[in-house]
Amino acid sequence: MKIVRADVIVTCPGRNFVTLKVVTDEGVYGIGDATLNGRELAVAAYLKEHVCPLLIGRDPGRIEDIWQFLYKGAYWRRGPVTMTAIAAVDMALWDILGKVTGMPLYKLLGGASRDSVMVYGHATGRDIPEALDRYAEHIDQGYQAIRIQCGVPNMRSVYGVSKGNGVYEPATKGGVEEQSWSTEKYLDFVPKLFEAVRDRFGFGTHLLHDAHHRLTPIEAARLGKAVEPYRLFWIEDPTPAENQEGFRLIREHTVTPIAVGEVFNSIWDCKQLIEEQLIDYIRATLTHAGGITHLRRIADFASLYQVRTGCHGASDLSPVCMGAALHFDLWVPNFGVQEYMGFPEAALEVFPHAWQFDRGTMHPGDVPGHGVDIDEALAARYPYDPAYLPVARLEDGTLWNW
Ligand code: CS2
Ligand code: MG
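Rules and cut-offs
Counting of residues starts from 1 at the beginning of each chain's written sequence and follows it residue by residue. Chains and ligands are labelled sequentially in the order written, the chains with letters from A and the ligands with numbers from 1. Reporting of local features is limited, given that this is a predicted model, to residues whose pLDDT is at least 70; pairs of side-chain atoms are given and counted only at 80 or more, and all residues count toward the totals for whole chains, interfaces and linings. Where side-chain values are given, they derive from all heavy atoms of the structure, hydrogens and water being excluded. Helix and strand assignments follow DSSP, with helices taken as H or I runs no shorter than four residues and strands as E runs no shorter than two, numbered in order from the N terminus. Computation of the radius of gyration draws on C-alpha atoms alone. For the globule rule, the value is 2.2 Å times the number of residues to the power 0.38. Under the scheme applied here, a residue whose accessible area is under 20% of the maximum for its type counts as buried, over 50% as exposed, and between as partly exposed, the area being computed with a 1.4 Å probe on protein chains only. Here a residue-residue contact requires only that any non-hydrogen atoms of the pair lie within 4.5 Å. Within this scheme a cavity is a closed region of a 1 Å grid, computed over the protein atoms alone, that accommodates a 1.4 Å probe without allowing it to escape, whereas a pocket is open but has protein on both sides within 12 Å along at least five of seven lines; lining residues each have an atom within 4 Å of a point. Grid points are joined across faces, edges and corners, and a volume is the space filled by probe spheres set on the points. Under the convention adopted here, Pro, Cys and the residues Ala, Val, Leu, Ile, Met, Phe, Trp and Tyr are nonpolar, Asp, Glu, Lys and Arg are charged, and Gly plus all remaining residues are polar. Note on pairing: DSSP must find at least two bridges between two strands before they are called paired. UniProt positions are given in the numbering used here, feature names are shortened, and annotations may be inferred rather than shown by experiment. As a rule, the C-alpha atoms of each element are fitted with a line to give its axis, helices using only the stretch in contact, and angles between N-to-C directions run from 0 to 180 degrees. An automatic or database domain assignment supplies the residue ranges for each domain. Each reported salt bridge corresponds to a side-chain nitrogen of Lys or Arg within 4 Å of a carboxyl oxygen of Asp or Glu. Only the six-membered ring of Trp is used, alongside the rings of Phe and Tyr, when aromatic pairs are assigned; centres must lie within 6.5 Å, and planes under 30 degrees apart are stacked while those over 60 apart are edge-to-face, with the rest tilted. What counts as buried area is the accessible surface, traced by a 1.4 Å probe, that two parts surrender upon association, with contributions from both included.

A word on the overall build of the protein
The helix and strand tally for the protein stands at 13 helices and 18 strands. For 402 residues, the compact-globule estimate of 2.2 N^0.38 gives 21 Å, and the protein sits close to it at 20 Å. Across its three principal axes, the protein shows a C-alpha extent of roughly 60 × 45 × 45 Å. Looking at the 402 residues of the protein, the share that counts as buried comes to 59%. Within the protein, contacts between residues at least 6 apart in sequence are counted, and of these 73% link residues at least 24 apart.

Written out as structure tokens, the structure is:
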């Protein structure tokens, strides 16, 4: 079997997605997600100009060799664009292998380690009452794990709160939105949010929260310590993780669990965090961390240190990633939780999928491969529509971490 075509499909059914389709001489094809929110065309060009031509004629079954060829062969290793492009190829090749063998991806990896995958939903509100109402709705839908994000009094804008009733989407069209941020106002407020959740709903659900890189290590330590009575499942991205040893300071002060990694693209971004057990969950994804071939290396390394997976699953990772991630989650022995933000209706139509949602858990289905396809004719009706992630500024104007 040989690869005869590799096409990059850019579409915007409710939001932008980039998909790679790899076609073999026997007509079998596989698809992979190559979406990098706000930098979609960089990955599309990397694939079109520098990767797809090098795939033609290769045996799609040599997944590992192609991964190593694209990683080492680039010379300029790592980085979100390179690793997202490699991930898309990898996902497509594993999809082909499943179709050729007639096996769902999770069985190719080693079979199911659980019956279904626990996912967490997103309760957001402009204030505590509204956020609590959304939290209640998620409990009614059967979610066992719920992330809560809320507006902060006297702060003009805030991370993670849906602008309407639809799926949370941070990227904005027509330019870069400038949001403001005050750590002081946030740290004064957010413990009250968690107290309100526990007062109204008790401790029967896993409570998650995303600090989205906004704090310094000592501020993160202060927050972790302050919220220990509310027993969070995790605080996510408490501080930027370029300086992995900074997390030692957080660990010295608090037992609140930490999740990091959605912006990571290789094992090197999290090696110290894992081997020093500075985190409890690794959030790296199939799409941005080199696909199944690399993410399972990260997960296996993490399992040596009792660090569990908590894959990123925002709506800006495509339904292709969602489907493949559910296979990965069903297999991976050190599974923690899977994020599930949902998708615009148009996206679910462009990407037919086998996965099922059932009261806070999901299953990838048992069709061969990862179980997600792309309707190219429908995708062509949604042209790329440039959109950028916001930036955050402190109230004195300093450019901060969004
Ligand atoms: C967030 C994301 O889901 C999360 O944990 O951090 O919504 C993130 O802001 C987006 O994926 C960025 O594109
Ligand atoms: Mg996050």
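Picking up after the structure, the text goes on.
A few points about empty space enclosed by the protein
All chains considered together, the criterion is met by 4 cavities of 30 Å³ or more. When contributions to the lining of the largest cavity are tallied by element, the ones reaching two or more residues are β5 (145-150), α6 (183-201) and β8 (206-210). Among the elements that make up the lining of the largest cavity, the one with the highest residue count is α6 (4 residues). For the lining of the largest cavity, the residue count by class is 10 nonpolar, 3 polar and 2 charged.

Quick notes on the sheet that holds strand β7 (residues 178-181)
Read from one edge of the open sheet, 3 strands run β7-β17-β18, paired in mixed fashion. Edge positions in the sheet fall to β7 and β18 (399-400), since each has one partner strand and no second. Relative to strand β17 (residues 391-394), β7 runs parallel, the two sharing 4 bridges. Residue pairing across strands places Ser 180 opposite Arg 393, the latter belonging to β17.

Description of the UniProt feature "domain: Mandelate racemase/muconate lactonizing enzyme C-terminal" (unreviewed entry) in the protein
According to UniProt, the feature "domain: Mandelate racemase/muconate lactonizing enzyme C-terminal" (unreviewed entry) maps to residues 129-257 in the numbering used here. Secondary structure across residues 129-257 comprises 37% helix and 16% strand; the distance between its end C-alpha atoms is 26 Å.

Side note on the sheet that holds strand β3 (residues 29-33)
Two modes of strand pairing occur in sheets, parallel and antiparallel, and in both the strands are linked by backbone hydrogen bonds. Strand order across the open sheet formed by 3 strands is β1-β2-β3, with antiparallel pairing between neighbours. The sheet is open, and its two edges are formed by β1 (3-11) and β3, each paired on a single side. Within the sheet, the average angular offset between the axes of one strand and its neighbour, ignoring direction, is 20 degrees. Here β1 pairs with strand β2 (residues 17-24) via 8 bridges, running antiparallel. When the sheet's bridge partners are listed, Arg 5 is paired in β2 with Val 23. In this fold helix α1 (residues 40-55) packs onto β1 and β2, with an angle of close to 175 degrees to the strand it touches most, β1.

Here we look at the layout of surface pockets
Where empty space is left becomes clear once a probe the size of a water molecule has been rolled over the atoms. Within this model, the largest pocket holds a volume of roughly 980 Å³. Around the largest pocket, the lining comprises 36 residues; the ones closest to its centre are His 213, Glu 262, Val 263, Leu 389 and Trp 402. Tallied by class, the residues present in the lining of the largest pocket amount to 17 nonpolar, 9 polar and 10 charged. Counting contributing residues per domain, the lining of the largest pocket is built from domain 1 (3-104) and domain 2 (108-366), each supplying no fewer than three. Volume-wise, the second largest pocket comes out at about 770 Å³. Forming the boundary of the second largest pocket are 35 residues, of which Thr 124, Ser 162, Gly 164, Asn 165 and Gly 166 lie nearest the centre. The set of elements that each furnish at least two residues to the lining of the second largest pocket consists of β4 (117-125) and α5 (128-140).

Here we look at the pattern of salt bridges
Evaluated as defined, the whole model comprises 21 salt bridges. The closest approach of N and O atoms between Glu 376 and Lys 21, which form a salt bridge, is 2.5 Å. Pair noted here: Glu 376 is in helix α13 (residues 376-379) and Lys 21 is in strand β2, with a separation of 355 residues, a long-range link. Judged by relative accessible area, which is 34%, Glu 376 ranks as partly exposed. On the basis of relative accessibility, which here comes to 12%, the residue Lys 21 falls in the buried class. Taking the shortest distance from any N to any O, the salt bridge between Arg 248 and Glu 276 comes out at 2.8 Å.

A closer look at the packing of aromatic side chains
According to the stated counting rule, one finds 15 aromatic pairs in the structure shown. Look at Tyr 120 and Trp 234: their rings are 5.5 Å apart centre to centre, the planes differ by 85 degrees, and that puts the pair in the edge-to-face class. One end of the pair, Tyr 120, is in strand β4; the other, Trp 234, is in strand β9 (residues 234-236), and 114 residues separate them in sequence. On the basis of relative accessible area, Tyr 120 is assigned to the buried category, the value being 0%. Site record: aromatic cluster; members linked through ring pairs are Phe 17, Phe 343, Phe 351 and Trp 355.

What about the domain arrangement of the protein?
For the protein, the domain assignment lists domain 1 (3-104) and domain 2 (108-366). With centres defined by C-alpha atoms, the gap from domain 1 to domain 2 works out at 26 Å. Listed per partner, the contact involves 33 residues of domain 1 and 36 residues of domain 2. In this assembly, domain 1 packs against domain 2 so that about 2700 Å² is buried in total across both faces, 63% of it on carbon and sulfur atoms. Put simply, domain 1 and domain 2 have 3 salt bridges between them.

A closer look at unusual backbone geometry
Positive phi values are uncommon outside glycine, yet His 212 reaches one of about 55 degrees. Position of His 212 relative to the elements: it lies in the loop between β8 and α7 (217-226). Phi at Arg 359 takes a positive value of approximately 45 degrees, unusual for a residue other than glycine. On the accessibility criterion, Arg 359 (48% relative accessible area) is partly exposed.

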